[in-house]
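Each chain, letter by letter, is given below.
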Amino acid sequence: KWNGAVAGRLDANGIRCKTVFYREWRRAMWERALYDAVWNLIGAVRDEDTDHADVAMFFDVEASDMMWELVNNLRGGLAVTLIYGFEDRLFSIAEMRGKDEPCELIDEMFDHLQNVFPGSNIMLNEYLNYAKDKRGLLQGAKVPPVPTELSELPSLIKTGNLRADGVI
């Protein structure tokens, strides 16, 4: 509602900013959340120091698989669909700007990660558990367990009394 007024004031003071429709802004924020989660997690579990450009160039299959898992759950859980080409955009950002950006896991950031992306993100949970158990990272974070069998996944069928009036 006020984006034009705020952008005008910023522009008058020499600060450029772009204004977009709220849906575009929402998609851009989901892309940023996806980028932060995937690149930092995949790079931080490596034995050697890894930056975002290294993840884009050498661990692209893992990054792509994790991104698609998270995006598919976004579509099903929050009815958000990222715009076609998000994968190429995120890889391009990592290759262009990620050379000096080290991959790191911060407890405060990843403590709520499983609540940000809806659904049972098995690959994400596997990486989080590996980072905590094997690499000694995220010691202050609550990491969800990885289900060992499909029967441990939460059921999609609602149970209990689903009527508002309480009549069974």
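All values reported here derive from a predicted model rather than from experimental measurement.

Description of the pattern of salt bridges
If you walk through the whole model with that rule in mind, you get seven salt bridges. Between Asp54 and Lys99 there is a salt bridge; the shortest N-O distance is 3.9 Å. Taken together, the residues Asp54 in helix 3 (residues 52-58) and Lys99 in the loop between helix 5 (86-97) and helix 6 (107-110) connect sequence positions 45 residues apart. Overlapping salt bridges bring together Asp51, Asp54 and Lys99 as one network.

What to know about the packing of aromatic side chains
For the structure shown, the criterion picks out three aromatic pairs. Aromatic pair Tyr35 and Trp39: ring centres 4.9 Å apart, planes at 25°, arrangement stacked. Of the two residues, Tyr35 and Trp39 are both situated in helix 2 (residues 22-44); the distance of four residues between them amounts to about one turn of the helix. Each of the two residues, Tyr35 as well as Trp39, counts as buried. Looking at Arg46, its charged tip hangs above the ring of Phe59, at a distance of 3.9 Å from the centre.

Remarks on helix 5
When the terminal C-alpha atoms of helix 5 are compared, their 16 Å separation across 12 residues agrees well with the 16 Å that a helix rising 1.5 Å per residue should span. When we look at burial in helix 5, the residues that qualify are Phe86, Glu87, Leu90, Phe91 and Ala94. Along the long axis of helix 5, the arc covered by the buried residues comes to 130°, so they all point the same way. For helix 5, the exposed residues lying more than 90 degrees away from the buried face are Asp88, Met96 and Arg97.

Some details on the confidence of the model for the protein
Confidence along the protein averages 81 in pLDDT terms, with 80% of residues attaining 70 or more. The least confident element of the protein is helix 7 (residues 113-116), whose mean pLDDT is 68; the most confident is helix 3, at 94.

A few points about unusual backbone geometry
Phi at Leu138 takes a positive value of approximately 55°, unusual for a residue other than glycine. Here Leu138 lies in the segment after helix 8 (122-133).

A short note on the nonpolar core
Ranked by internal contacts, the top residues of the largest apolar core, which has 36 residues, are Leu34, Val38, Trp39, Leu41, Ile42, Met66 and Met67. Among the secondary structure elements, those contributing two or more residues to this core are helix 2, helix 3, helix 4 (60-78), helix 5 and helix 8. Sorting elements by how many residues they give to this core places helix 2 first, with nine residues. Other than its neighbours up to four places away in sequence, Leu41 contacts Met66, Leu105, Phe110, Leu124, Tyr127 and Leu128.

Remarks on the side chain of Asn40
Relative to the helices and strands, Asn40 resides in helix 2. Polar contacts involving the side chain of Asn40 include one to the side chain of His52, which spans 3.0 Å. The residues contacting Asn40, other than those within four sequence positions of it, are Tyr35, His52, Pro102, Cys103, Glu104, Leu105, Met109 and Phe110.

Reading guide: rules and limits
Residues numbered from 1 in each chain as written. Predicted model: local features only at pLDDT ≥ 70, side-chain atom pairs only at ≥ 80, totals over all residues. Heavy atoms only, no water. Salt bridge = Lys/Arg side-chain N within 4 Å of Asp/Glu carboxyl O. Helix = DSSP H or I, 4+ residues; strand = E, 2+ residues; numbered from the N terminus. Phe/Tyr/Trp six-rings, centres within 6.5 Å; stacked < 30°, edge-to-face > 60°. Buried < 20%, exposed > 50% of the residue type's maximum accessible area, 1.4 Å probe, protein only. Lys NZ or Arg CZ within 6 Å of the ring centre and 35° of its normal. Expected span 1.5 Å × (residues − 1). Arc of directions from axis to C-beta. pLDDT = per-residue confidence, 0-100. Core = buried A, V, L, I, M, F, W, Y, C linked by side-chain atoms within 4.5 Å. Contact = heavy atoms within 4.5 Å. Polar contact = N/O pair within 3.5 Å; in protein donor to acceptor, adjacent residues only side chain to side chain.

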